[in-house]
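A look at the structure
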Amino acid sequence: MHVLADDAGAVYTGVPVGPIEQAARARRFGWFYFAEHMVRQLRSYIVSVLFYDLGQVFLYLVAMGLALGALVDANTESVDGVNYLMFVAPALVVSGAVTTAAGEMTYPVMGGFKWHRLYFGPAAAPLTGGQIAVGHHLVTMVRLVVQSLFALGLLGLFGALASGWSWLLVPIATLTGMAFGAPLQAYAATLKDEGFQFSAIQRFVVMPMFLFAGTFFPLTNMPGYLQWIGWISPIWHGTELSRAATYGHEVESWRFAVHLVVLVGLAAVGLVLACRVYRRRLSE
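Residues numbered from 1 in each chain as written. Predicted model: local features only at pLDDT ≥ 70, side-chain atom pairs only at ≥ 80, totals over all residues. Heavy atoms only, no water.

1. Concerning the packing of helix 4 (residues 84-104) against helix 11 (residues 234-247)
Closest axis-to-axis distance for the helix 4/helix 11 pair is 9 Å, and the angle between their directions is 135°. By the angle class used here, helix 4 and helix 11 are oblique. When you trace helix 4 past helix 11, the crossing you get is right-handed. Between helix 4 and helix 11, the contacting residues are Met86, Phe87, Val88, Pro90, Ala91, Val94, Ser95 and Val98 on the first element and Ile235, Gly238, Thr239, Ser242, Arg243, Thr246 and Tyr247 on the second. Of the residues in the contact of helix 4 with helix 11, the class split is 9 nonpolar, 5 polar and 1 charged. (Axes fitted to C-alpha atoms, helices over the stretch in contact; angles between N-to-C directions. Helix = DSSP H or I, 4+ residues; strand = E, 2+ residues; numbered from the N terminus. Parallel < 35°, antiparallel > 145°, perpendicular 65-115°, else oblique. Left-handed = near helix turned anticlockwise from the far one by under 90°. Contact = heavy atoms within 4.5 Å. Nonpolar A, V, L, I, M, F, W, Y, C, P; charged D, E, K, R; others polar.)

2. Looking at a nonpolar patch on the surface
Residues Ile46, Val47, Leu50, Val142 and Val146 make up a contiguous nonpolar surface patch of about 400 Å² in total accessible area. Contributions of two or more residues to the nonpolar patch are made by helix 3 (46-75) and helix 7 (129-158). If one sorts the elements of the nonpolar patch by residue count, helix 3 sits on top with 3 residues. Structurally, the position occupied by valine 47 is in helix 3. Using a relative accessible area of 65% as the deciding quantity, one classes valine 47 as exposed. (Patch = residues over 30% accessible without salt bridge, like charges linked within 9 Å, V, L, I, M, F, W, Y side chains within 5 Å. Areas by Shrake-Rupley, 256 points an atom, 1.4 Å probe, with all protein chains shown as cover. Salt bridge = Lys/Arg side-chain N within 4 Å of Asp/Glu carboxyl O. Buried < 20%, exposed > 50% of the residue type's maximum accessible area, 1.4 Å probe, protein only.)

3. Regarding the packing of aromatic side chains
Within a pair of aromatic rings, the relevant descriptors are the distance that separates the centres and the angle that separates the planes. Throughout the structure, instances matching the rule amount to 10 aromatic pairs. Measuring from centroid to centroid gives 4.8 Å for phenylalanine 113 and tyrosine 119, while their planes differ by 75°, and the two rings are edge-to-face. Neither phenylalanine 113 nor tyrosine 119 differs from the other in exposure class; each is buried. Following the ring pairs from residue to residue traces out a cluster consisting of Phe34, Phe113, Tyr119, Phe120 and Tyr278. The side chain of arginine 117 reaches across the aromatic face of phenylalanine 120, ending 4.1 Å from its centre. One residue, arginine 243, lies across the ring of phenylalanine 87, its end atom 3.6 Å from the ring centre. (Phe/Tyr/Trp six-rings, centres within 6.5 Å; stacked < 30°, edge-to-face > 60°. Lys NZ or Arg CZ within 6 Å of the ring centre and 35° of its normal.)

Just geometry here; none of it tells us what the structure is for.
Structure (structure tokens):
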């Protein structure tokens, strides 16, 4: 387990921190230690991670924003008062964050318990299961921030930003990814064997949210009996906020509050449940 910078400095000066103090610091900063450990492991396959995280955003924006957008703009005046690229781009960034969170909070979580057993070494130290859960979640958040920053830069190059508040797309996309990823992390931690659960989540949860949460057209254009898919989807709540930030999409004050409460509530409750499940599983 790695030590903080002041610990290392003490070692170099010949006055190392004692084991009791090291254990006390691990109990306080265990979430940071585990996140650092995951980041160090991530370096061995960082190229693959960057290619996946950044490549999917680039391809979605080019295919759906530029290519499809050119066809839509040629046949309609505007969508929500703006060109199609400006309309769909923030939704694609939010959807990409949710997709990344879904990938990170399924098989890697099970791997930490079953295949690689990455969680059990730190759990044998003074780290708690809750700290391990938070550390894993923190690394995923960092990935979402980097991915969203890259997407924000692309949107600027493509001319798809029309507001001084466009930078809020980064925290909005990250929060949306957390709102879906945290409950999924808690659920994945309960599974001891993987059958069809994760593939079913991708096919019957992530994909319907992506298609029916107002990503490619206003949610109100859908039949009423399908709009509920958007209402319960973190992607729709994040998309509404991201469009308000990037081009001034109108969102009433009470709806704005609802979007934030839903996203923050899902992220907070999910993380609390994940910490609880991790503590139980790692103490068995």
